[in-house]
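Report on the structure
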Amino acid sequence: MSSPTPPGSFADIRALIANLPGPDEAARAAVRSREPQLTKPAGALGRLEGIAEWLATWQARHPPSVDHPRVAVFAGNHGISALGVSAYPASVTGEMVKNFVDGGAAINQICRTVNADLRVYEMALDAPTADFTKAAALSEEVCVQALAYGMMAVEPGVDLLCVGEMGIGNTTAAAAVACALFGGDTNDWVGPGTGVTGDQLILKQKVVAAGLARHRDFLSDPLQVLSRLGGHEFAGIAGAVLAARLAHVPVLLDGFTSTVAASVLESLKPGLLDHCLVGHLSKESGHSRICRHIQKAPLLDLSMRLGEGTGAALAIGIVRAAAACHNGMATFVDAGVATKID
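Heads up: these notes are all about the structure in this document.

Analysis parameters
In this numbering scheme, every chain counts its residues from 1 along its sequence in written order. Reporting in this predicted model follows two pLDDT cut-offs: at least 70 for local features of residues, and 80 or more for side-chain atom pairs to be given and counted; totals over whole chains, interfaces and linings ignore these cut-offs and use all residues. Where side-chain values are given, they derive from all heavy atoms of the structure, hydrogens and water being excluded. The secondary structure listing takes helices from DSSP runs of H or I that are at least 4 residues long and strands from runs of E that are at least 2 residues long, numbered from the N terminus. Burial classes: relative accessible area under 20% of the type maximum marks a residue as buried, over 50% as exposed, and values in between as partly exposed (1.4 Å probe, protein chains only). By the convention used here, residues are in contact when the closest approach between their heavy atoms is within 4.5 Å. Here, strands pair whenever DSSP counts at least two bridges between them. Fitted lines through C-alpha atoms serve as axes, helices being fitted only where they are in contact, and the angles separating the N-to-C directions of these axes extend from 0 to 180 degrees. Throughout, the arc means that of the directions going from the helix axis to the C-beta atoms.

Concerning the environment of Gln59
With respect to the helices and strands, Gln59 occurs in helix α3 (residues 47-59). According to the relative accessible area criterion, Gln59 is buried, its value standing at 7%. Distance in space between the C-alpha atoms of Gln59 and Thr39 is 25 Å, their sequence separation being 20 residues. Not counting residues up to four positions away in its chain, the partners in contact with Gln59 are Pro64, Ser65, Asp159, His248 and Pro250.

A word on the sheet that holds strand β1 (residues 69-75)
Sheets are built from strands that pair by backbone hydrogen bonding, the pairs being arranged parallel or antiparallel. The strand order β2-β1-β3-β4-β5 describes an open sheet built from five strands, whose pairing is parallel. Lying at the two open borders of the sheet, with one neighbouring strand each, are β2 (117-122) and β5 (276-278). On average, each strand axis in the sheet is inclined to that of its neighbour by 25°, with strand direction left out of account. As paired elements, β1 and strand β3 (residues 160-166) share seven bridges and run parallel to each other. Residue Ala75 lies in a different strand from β3, and its bridge partner there is Met166.

A short note on unusual backbone geometry
With omega at 5°, the peptide bond leading from His62 into Pro63 counts as cis. Within the secondary structure layout, Pro63 lies in the loop between α3 and β1. A positive phi angle, close to 60°, is found at His248, a residue other than glycine. Residue placement: His248 occurs in the loop between α11 (232-246) and β4 (251-253). The class of His248 is partly exposed, set by a relative accessible area of 29%. Positioned with a positive phi, Glu308 is a non-glycine residue whose angle comes to about 65°. Considering the arrangement of structural elements, one finds Glu308 in the loop between α13 (286-293) and α14 (310-314). The class of Glu308 is buried, set by a relative accessible area of 4%.

Some remarks on helix α5 (residues 106-114)
Among the residues of α5, Ile107, Asn108, Ile110, Cys111 and Val114 are the ones counted as buried. Looking straight down α5, one finds its buried side chains confined to an arc of 165°; they lie on one side. Counted as exposed and oriented over 90 degrees from the buried face of α5: Arg112 and Thr113. Of the surrounding elements, those touching the buried residues of α5 are β1, α4 (91-102), β2, α14 and α15 (316-328). At the C-terminal side of α5, Asn115 shows a positive phi close to 55°.

Here's what the structure looks like:
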């Protein structure tokens, strides 16, 4: 499939979303035809069976496979970090990007372990978003540019995409975006992030509430929510997820921030995240809540809350195993095994 024309406005994004490819029913049917023939009781592999079907359906091919997974980590800075909502200064974003490039972060080790391609997308670290308690975090123009940049992560040959993030202050932005999209009490969405507690956590809650109040007249539109309360890396993730749908590439979402960023798309068009699974359940308090809203059960629960795409990358092994079992197991006929006792 040829690459879509880069969007230049929110109207262009809406036009892309209106014409997305759906599931490949022939690939789905092929999985459903083969699965009952495999040498196991029906349903014995549990979620692995559904994962194999999901993978084939959204890769639009049977048999499914994971030969060239990519982990895309989007990094951006937030103006609200100057308000003291994080345990770390904004400079850490750039320092961690360098750590990714040098191979010293957790995500580097996990990508080596699962044989995944890691790409880090540095997004205007010297030009952080505006403080959303005072103005829109991003203008429409800058937000669309970030969306378009994120779409570049889906290159020919990639057959599974994991999306992650790095950005001091972004769990505050994620809480604001999630509350704007799905409602509820702000305190239900605000978690410790990098480890804030006590008065600093209360400050974080107040910052989220102030941002929501500031932009309340615009929050019925998910794209306005993205630009006014989100950040460069949020838009980058949304762009990557959208491009993956267009290119028939299944997606594994990482933790709280990544899932919230992708949920902007689901809010624009229910079902847009059908080609996505959530790789793991983050310990960040709002993640289980957002997963319930988008009706996705994470594949892993390892009490992680690092970000960087780490949980999604770990789940690559689960998806590979699902494909391997579906493709490689003998059928009852092949193995000469009786299907049932008469």
